[in-house]
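The lines below spell out each chain.
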Amino acid sequence: MTTAAAAVELAPLVRVGTGAAAAFSSTSQQIPLPRRQRAAGAIKASPAPGRSEGAGELPAPLLPNARRRGRDPLWNGGGFSLGVDLGDARTGLAVGRGITLPRPLTVLKLRGQKLELTLLDMARQQEADELIIGLPVSADGRETPQSNKVRSVVGRLAVQAAERGLRVYLQDEHGTSIDALDYMISRGVKMSARDVKSDAYAAVMILERYFRSSGQGAKIVLPRQLELQDKLIAQSRRDPEI
């Protein structure tokens, strides 16, 4: 059974796409309806607890760690961030916390449920409480057919992640493959190893962009079930400061 999840901007929401993992963007003309006025089965994510209707900000526990640290330098909570470069055949992983440069982890050659479960297991192994997943877009910021493939995977993954108390975000990854090549060259990675490691280094670049922007471009992917949204908030509040 497929359960919907939605990428959420930090602003009033209106659906601009279709499908189980439709995206939402801000608008000054349309504000989310109260829960009782929404049609049954609507994909639109309901405001999470603690968020007023039409508010332009998610509750603090649902904000990406980099954004919370940027807003409050004294906040020492949150775990590591797992960077993910999703591909048709290979998926690169990296990990970081924004204190030092992210580091490459590995490249997975998995697909479907095996990939999704492995990503969640890797997050726990690396003490990460959020996954930052690259979203392919064109040079002018438009989404592509590959974007839809990524959204499909991320929509399923976000539901499973929420059940474990893990948050999932989408981050624009345009140009990260080229940045990864330049980074590998600057790091002295041998030419023979670049192709094997390129996906992991692309994940490094996704995290580096996420941290450099203090999480401003990251969009949370929320399950539409309110109980899972509640679980994410409760988990984030229970996590001990590191």
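The present account deals with the structure reproduced in this document. (Residues numbered from 1 in each chain as written. Predicted model: local features only at pLDDT ≥ 70, side-chain atom pairs only at ≥ 80, totals over all residues. Heavy atoms only, no water.)

### What to know about the overall build of the protein chain
Just so we agree on the cut-off: Numbered from the N terminus, helices here are DSSP runs of H or I no shorter than four residues, and strands are runs of E no shorter than two. The buried label applies to any residue whose accessible area, calculated with a 1.4 Å probe on protein chains only, is under 20% of its type's maximum; exposed applies above 50%, and partly exposed to all values in between. For the area figures, the Shrake-Rupley method with a 1.4 Å probe applies, and any residue is considered shielded solely by the protein chains shown.
Looking only at helices and strands, one finds six helices and nine strands in the protein chain. Counting over 242 residues, the protein chain shows a buried share of 51%. Carbon together with sulfur atoms contributes 51% to the accessible area of the protein chain, which is approximately 11,800 Å² in total.

### A word on helix α5 (residues 191–212)
Stated formally: Expected helix span is taken as 1.5 Å per residue step, with the number of steps being one fewer than the number of residues. Bending is quantified residue by residue as the angle between axes fitted to the seven-residue window ending at that residue and the seven-residue window starting at it.
The end-to-end C-alpha distance of α5 is 28 Å, clearly below the 32 Å that 22 residues give at a rise of 1.5 Å each. Bending of α5 peaks at approximately 65 degrees at the position of Lys 197. Directly after α5, the chain includes Ser 214, whose backbone phi takes a positive value near 55 degrees.

### Description of the environment of Ala 162
Heads up, the condition is: In what follows, residue pairs with any heavy atoms lying within 4.5 Å of each other are defined as contacts.
Looking at the secondary structure, you find Ala 162 in helix α3 (residues 145–163). In this structure the C-alpha to C-alpha distance between Ala 162 and Gln 225, which are 63 residues apart in sequence, comes to 10.0 Å. With near-sequence residues (within four places) excluded, Ala 162 lies in contact with Pro 223, Leu 228, Lys 231 and Leu 232.

### Some thoughts on the pattern of salt bridges
Rule in force here: A carboxyl oxygen of Asp or Glu within 4 Å of a side-chain nitrogen of Lys or Arg is what we treat as a salt bridge.
On inspection of all chains with the given rule, the structure shows nine salt bridges. For the salt bridge of Asp 199 with Arg 90, the shortest nitrogen-to-oxygen distance reads 2.7 Å. One end of the pair, Asp 199, is in helix α5; the other, Arg 90, is in the loop between β4 (80–85) and β5 (91–96), and 109 residues separate them in sequence. Residue classification places Asp 199 among the buried residues on the basis of a relative accessible area of 13%. When the shortest N-O distance is used, the salt bridge between Glu 130 and Arg 167 registers 3.1 Å. Taken together, the residues Glu 130 in strand β7 (residues 128–135) and Arg 167 in strand β8 (residues 167–172) connect sequence positions 37 residues apart. Since its relative accessible area comes to 0%, Glu 130 is described here as buried. By relative accessible area, Arg 167 is classed as buried at 2%. A cluster of three or more residues bridged by salt bridges with shared partners is formed by Asp 129, Glu 130 and Arg 167.

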